[in-house]
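Secondary and tertiary structure notes
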Amino acid sequence: MRSFTLGSVAVRVGIVLLCVLWFIPTLGLLISSFRDEADVKSSGWWTVITDPFSQWTLDSYSQVLESGMANAFVNSIVVSVPATVLPIMIAAFAAYAFTFMRFPGRNVLFMVIVGLLVVPLQVAFVPLLNLFGLYDLNGTFLAVWLAHTAFGMPLAVFILRNYMATLPQEIIESAEIDGASHYQTFWRLIVPMSVPALAAFAIFQFLWVWNDLLVALIFLGAGDNEVVTITLRDLIGDRGQEWHLLTAGAFITMTVPLIVFFSLQRYFVRGLTAGSVKG
């Protein structure tokens, strides 16, 4: 029979309390999204506890969808999927080269890429705007794809290279003896074995791109191509009088990230910790 020490009980109680503290605001946000505008502005969400069979309506969701959120939702998918796939593909090739190929300056180049992790992305906005302006890319999906790919590459290469370094070297050597090319080794061996790391970074990158406002606002802007974060910002109104719509808009924007996270969560911890200790 498993025994519980005082310390383990305290840890479990602390974790439960933290989960409750994180869950209560989310629950309040969800309840408020189904309440009438007048009720939201006149009383707190907890009043539904005393009268649980009133105050429920879908007006906020209908107003949010009519305000352009549906189109912005599609735009966010159009932005997020390529901006997640592109850095993963490029970084996977780079990580394979840094791990299994020998070429001059390999370690120095890897250190330079890792060093880019500490560079604030804001310093690249003006040069990228000028560069994209030369090719009339500002305001297009391609501009924000390239921006997110560039900003996500250092972390992707770092995670994937550390993971690939833990893979059995004997498998790679056996493939070389059998005459497999680097291309065949990469697609048939390395990619299938690197699924946990690929999925872990995919979660990071997708959530970052989906929830991003600054990069989308600068390189894409408002209008027909605006994403959910820009639409969500505009829902509050010029004077903050429509803040009750933010509750419904927030939960609409949360649906896809939640689906992505829970569908890939089994790979999340394994992908992040696999490359932390080698041996």
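A short tour of the structure in this document, coming up. (Residues numbered from 1 in each chain as written. Predicted model: local features only at pLDDT ≥ 70, side-chain atom pairs only at ≥ 80, totals over all residues. Heavy atoms only, no water.)

**Digging into the overall build of the chain**
Spelled out, the test is: Secondary structure elements follow DSSP: runs of H or I no shorter than four residues count as helices, runs of E no shorter than two count as strands, and numbering proceeds from the N terminus. With C-alpha atoms as the basis for the radius of gyration, the globule rule is written as 2.2 Å multiplied by the number of residues raised to the power 0.38.
When helices and strands are tallied, the chain shows 12 helices and zero strands. Shown N-terminal to C-terminal, the secondary structure of the chain runs as helices and strands in the order α-α-α-α-α-α-α-α-α-α-α-α. Rg of the C-alpha trace for the chain: 23 Å, well past the compact-globule value of 19 Å for 279 residues, more than 25% over. Once the C-alpha set of the chain is aligned to its principal axes, its extents read approximately 70 × 70 × 30 Å.

**Observations regarding the side chain of Glu 226**
Quick note on the threshold: In this scheme, a residue with accessible area under 20% of its type's maximum is buried, one over 50% is exposed, and one in between is partly exposed, where area comes from a 1.4 Å probe on protein chains only. Neither His nor the chain ends contribute to the count of charged residues, in which Lys and Arg are positive and Asp and Glu negative. Salt bridge criterion: a side-chain nitrogen from Lys or Arg within 4 Å of a carboxyl oxygen from Asp or Glu. Here a residue-residue contact requires only that any non-hydrogen atoms of the pair lie within 4.5 Å.
Position of Glu 226 among the secondary structure elements: in the loop between helix H10 (214-219) and helix H11 (228-235). An unpaired buried charge is present at Glu 226: no salt bridge exists, and Arg 233, the closest side chain of opposite charge, is 6.3 Å distant. Setting aside residues no more than four positions away along its own chain, Glu 226 makes contact with Ala 72, Asn 75, Gly 221, Thr 231 and Asp 234.

**Re the packing of helix H3 (residues 59-100) against helix H9 (residues 195-211)**
Formally: Here the axes come from fitting lines to C-alpha atoms, over the contacting stretch only for helices, and the angles between their N-to-C directions go from 0 to 180 degrees. Left-handed describes a crossing whose near helix is turned anticlockwise from the far helix through less than a right angle; right-handed describes the clockwise counterpart. All amino acids are sorted into three groups, where Ala, Val, Leu, Ile, Met, Phe, Trp, Tyr, Cys and Pro are nonpolar, Asp, Glu, Lys and Arg are charged, and the leftover types, Gly among them, are polar.
Where H3 meets H9, the axes come as close as 9 Å, and the angle between the chain directions of the two elements is 140°. By crossing handedness, the relation of H3 to H9 is classed as right-handed. Counting all contacts with H3, which are made through Phe 73, Ser 76, Ile 77, Val 79, Ser 80, Ala 83, Thr 84, Pro 87, Ile 88 and Ala 92, the residues of H9 involved are Leu 198, Phe 201, Ala 202, Gln 205, Phe 206, Val 209 and Trp 210. Looking at the contact of H3 with H9, its residues break down into 13 nonpolar, four polar and no charged.

**Remarks on helix H5 (residues 125-134)**
So the rule is basically this: Of all possible arcs, the one meant is that of the directions from the helix axis to the C-beta atoms.
Regarding H5, the residues found buried are Phe 125, Leu 128 and Phe 132. The arc enclosing the buried residues of H5, seen along the axis, measures out at 70°, which places them on a common side. Among the exposed residues of H5, those oriented more than 90 degrees off its buried face are Val 126, Asn 130 and Leu 134. The elements touched by buried residues of H5 are helix H6 (141-164) and H10. After H5 finishes, the residue Asp 136 shows a positive phi value of roughly 55°.

**Notes on the packing of H3 against H11**
Note the cut-off: Working rule for angles: under 35 degrees goes down as roughly parallel, over 145 as roughly antiparallel, 65 to 115 as roughly perpendicular, anything else as oblique.
The geometry of H3 relative to H11 is characterised by a closest axis approach of 8 Å and an angle of 160° between their N-to-C directions. The angle between the axes of H3 and H11 places the two elements in the roughly antiparallel class. Contacts between H3 and H11 involve Val 64, Ser 67, Gly 68, Met 69, Ala 72, Phe 73 and Ser 76 on the former and, on the latter, Val 228, Thr 231, Leu 232 and Leu 235.

**Considerations on the nonpolar core**
For clarity, the threshold we go by: Residues enter a nonpolar core if they are buried and are Ala, Val, Leu, Ile, Met, Phe, Trp, Tyr or Cys, with the set joined through side-chain atoms within 4.5 Å.
Of all hydrophobic cores here, the largest spans 24 residues; its most connected members are Ala 91, Tyr 96, Phe 100, Val 157, Leu 160, Met 164 and Ile 190. With residues up to four places along the chain from it excluded, the contact list for Ile 190 reads Tyr 96, Phe 100, Met 164, Leu 167, Ile 172 and Thr 185. If you look at the next biggest cluster of nonpolar residues, it comprises 18 residues, including Ala 83, Val 215, Leu 220 and Ile 230.

**Digging into the packing of aromatic side chains**
Definition in use: Between 30 and 60 degrees the pair is tilted, below 30 it is stacked and above 60 it is edge-to-face, where a pair is any two Phe, Tyr or Trp rings, Trp via its six-membered ring, whose centres lie within 6.5 Å. For a Lys NZ or an Arg CZ to count as sitting over a ring, it must be within 6 Å of the ring centre and within 35 degrees of the ring normal.
Tallied over the full model, the rule gives 16 aromatic pairs. Ring centres 6.0 Å apart and planes at 75° place the aromatic pair Trp 45 and Trp 46 in the edge-to-face group. Assessed through its relative accessible area of 21%, Trp 45 is described here as partly exposed. Judged by centre distance (5.2 Å) and plane angle (80°), the rings of Phe 186 and Trp 187 are edge-to-face. According to the relative accessible area criterion, Trp 187 is partly exposed, its value standing at 38%. Through successive ring pairs, a cluster of aromatic residues spans Phe 93, Tyr 96, Phe 100, Tyr 183, Phe 186 and Trp 187. The ring of Phe 110 is capped by Arg 161, whose NZ or CZ atom sits 4.8 Å from the centre of that ring.

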